[in-house]
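# A look at the structure
One letter stands for each residue in the lines below.
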Amino acid sequence: MMKKQLLAVMLCGALLTGCGATAVPQQNGSGVSGSALEQPTVRRVDLDDVSFGGCASLSLAGNLAAAKAGDTSYEAASDKTAFAGSSEAAWQRLLDGKLDAVLAYAPSADTAKKLEEQGISLVEVGTDALVFLAGSSPEDDMILDWTKQDILAAYQQDSASGWTGYAAAAGSDSRRMFAAVFGTDATGVTMQSGADTLTAACSHTTGTVCYTTWLSLLQNGKPDDTRMIAVDGMLPGDTAEDGTSYPLTVPYYLAVRPGLEAEEPVMLFYRWLGSDAGREWLASAAVPPAAEEIGESDDMTQAS
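The rules behind these values
Residues numbered from 1 in each chain as written. Predicted model: local features only at pLDDT ≥ 70, side-chain atom pairs only at ≥ 80, totals over all residues. Heavy atoms only, no water. Core = buried A, V, L, I, M, F, W, Y, C linked by side-chain atoms within 4.5 Å. Buried < 20%, exposed > 50% of the residue type's maximum accessible area, 1.4 Å probe, protein only. Helix = DSSP H or I, 4+ residues; strand = E, 2+ residues; numbered from the N terminus. Contact = heavy atoms within 4.5 Å. 1 Å grid on protein atoms, 1.4 Å probe; cavity = no way out; pocket = protein on both sides within 12 Å on 5 of 7 lines; lining within 4 Å. Points joined across faces, edges and corners; volume = space filled by probe spheres on them. Nonpolar A, V, L, I, M, F, W, Y, C, P; charged D, E, K, R; others polar. Salt bridge = Lys/Arg side-chain N within 4 Å of Asp/Glu carboxyl O. Phe/Tyr/Trp six-rings, centres within 6.5 Å; stacked < 30°, edge-to-face > 60°. Lys NZ or Arg CZ within 6 Å of the ring centre and 35° of its normal. Axes fitted to C-alpha atoms, helices over the stretch in contact; angles between N-to-C directions. Parallel < 35°, antiparallel > 145°, perpendicular 65-115°, else oblique. Left-handed = near helix turned anticlockwise from the far one by under 90°. Pairing = 2+ DSSP bridges. Disulfide = S-S within 2.5 Å. Polar contact = N/O pair within 3.5 Å; in protein donor to acceptor, adjacent residues only side chain to side chain.

## A look at the nonpolar core
Nonpolar side chains tend to gather and get buried jointly when the protein is soluble and globular. With 84 residues, the main nonpolar core has Trp91, Leu130, Phe132, Tyr155, Phe178, Phe182 and Tyr252 as its most contacted residues. Here this core gets nine residues from one element, more than from any other, and that element is strand β6 (residues 121–135). Once residues within four sequence positions are removed from consideration, Phe132 is found in contact with Ile151, Tyr155, Phe178, Phe182, Val209, Cys210, Tyr211, Arg227, Met228, Ile229 and Leu248.

Structure below.
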């Protein structure tokens, strides 16, 4: 609905412009080394011959990248890609030879070792962020300003903060991101299903707190009756005068299957997207067109 589109349009221009390109390290399995990749001449990738996919949370960035690689529209590219599930599942599909190119968050240590053993190198191509939303009444949409400790307090059992934290499902990318940026996991509200303890879904009512990834929020829009929570006075993409930035960010990576020749189109694109020019293009491409061009659709995935 239009409320979601206007949120993304207003936030994107102000926030994503802060994601400027920097020197791009090349990650080899479990470590990161090297300097910025060279910027090769890119040739069109045939998306009928190259299987492109990754995790669901990065489908916006991934389909934009696939559209660029295939020199086609976002809609045409998304019909040929496979962005679903978690990053761990996506890396496994690459290891199993089911995908030729994968866009996903950092793999676990065990998966990174397997990728390295197969000679698969990851290149950092972008930055995502964990963002928090507070349930609110329809007339109350002012952005809240919390610290990381305020957020953690809402996720403590029997919290006295007055807020109740809801977590993402165990094993999901946003749950792993929470553990990475806070240094600890939090189950949030749980429910029983027979002998199983499950993660409860957030109701988005007043007093609730939940989280998602920034790119997912841009793609899907902000849920009704929620408001953004700034962390230490900042939102994704903000940079303070002293150089500090939004504290809950994580990189994401591109990798291609082993055995490809250096001058194959998909390899050229891999090297270009990991270059300064490629990273800068991807950061700016995620900004949607003006709201009036989107119309009434909930779809926030149109390429710029």
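## Let's talk about the layout of surface pockets
Once rolled over the atoms, a probe with the size of a water molecule shows which space is left empty. In this structure, the second largest pocket spans a volume of roughly 280 Å³. Ala168, Ser174, Cys210, Tyr211 and Thr212 are, among the 20 residues lining the second largest pocket, the residues nearest its centre. Those elements that place two or more of their residues in the lining of the second largest pocket are α7 (173–182), β11 (208–213) and α8 (214–220). Its residues placed into classes, the lining of the second largest pocket shows eleven nonpolar, eight polar and one charged.

## Brief notes about the pattern of salt bridges
By the definition in use, this model includes five salt bridges. Arg257 is the salt-bridge partner of Asp100, the closest N and O atoms lying 2.8 Å from each other. With Asp100 in the loop between α4 (87–95) and β5 (101–105) and Arg257 in the loop between β13 (249–256) and α9 (265–273), this pair connects stretches of sequence that are 157 residues apart. By relative accessible area, which is 32% here, Arg257 ends up partly exposed.

## A look at the environment of Leu58
Within the fold, Leu58 resides in the loop between β3 (52–54) and α2 (59–70). Taking the C-alpha atoms as reference points, Leu58 and Gln219, 161 residues apart in sequence, are found 9.4 Å from one another. Once residues lying within four places of it in the same chain are set aside, the contact partners of Leu58 are Phe83, Leu103, Ala104, Tyr105, Asp128, Leu215 and Tyr252.

## Quick look at the environment of Leu268
By secondary structure assignment, the location of Leu268 is in helix α9. Separated by 199 residues in the primary sequence, Leu268 and Ala69 place their C-alpha atoms 9.5 Å from one another.

## Quick look at the packing of aromatic side chains
The relation between two aromatic rings is expressed through the spacing of the ring centres and the mutual angle of the planes. Tallied over the full model, the rule gives twelve aromatic pairs. One cation-aromatic arrangement involves Lys148 over Phe182; the distance from NZ or CZ to the ring centre is 5.5 Å.

## Some remarks on α9
Extensive coverage of α9 is indicated by the burial of eight of its nine residues. All of the buried residues along α9 are Val266, Met267, Leu268, Phe269, Tyr270, Arg271, Trp272 and Leu273.

## Focus on the packing of α2 against α9
Packing of α2 against α9 leaves a shortest axis separation of 11 Å and a crossing angle of 125°. If you check the angle between α2 and α9, you find them oblique. For the crossing formed where α2 meets α9, the hand is right-handed. Touching Ala65, Lys68 and Ala69 of α2 are Phe269, Trp272 and Leu273, all from α9.

## Let's talk about the pairing of strand β12 (residues 226–231)
Most of β12 is tucked away: six of the six residues are buried. Note that β6 and β12 share four bridges and pair antiparallel. Paired with Leu133 across the two strands is Met228, which belongs to β12. Bridge count for strand β7 (residues 144–146) against β12 is three bridges, and the pairing is parallel. In the sheet register, Trp146 faces β12, and the bridge partner there is Val231.

## Here we look at the state of the cysteines
One pass over the structure, following the stated rule, counts zero disulfides. Between Cys210, a cysteine without a disulfide, and Cys202, which holds the nearest cysteine sulfur, the sulfur-to-sulfur distance is 4.0 Å. What makes Cys210 buried here is its relative accessible area of 9%.

## So, the side chain of Ser86
Inspection of the secondary structure assignment puts Ser86 in the loop between β4 (82–83) and α4. Note on Ser86: relative accessible area 18%, which makes it buried. A polar contact is formed between the side chain of Ser86 and the backbone nitrogen of Ala89, at a distance of 3.2 Å.

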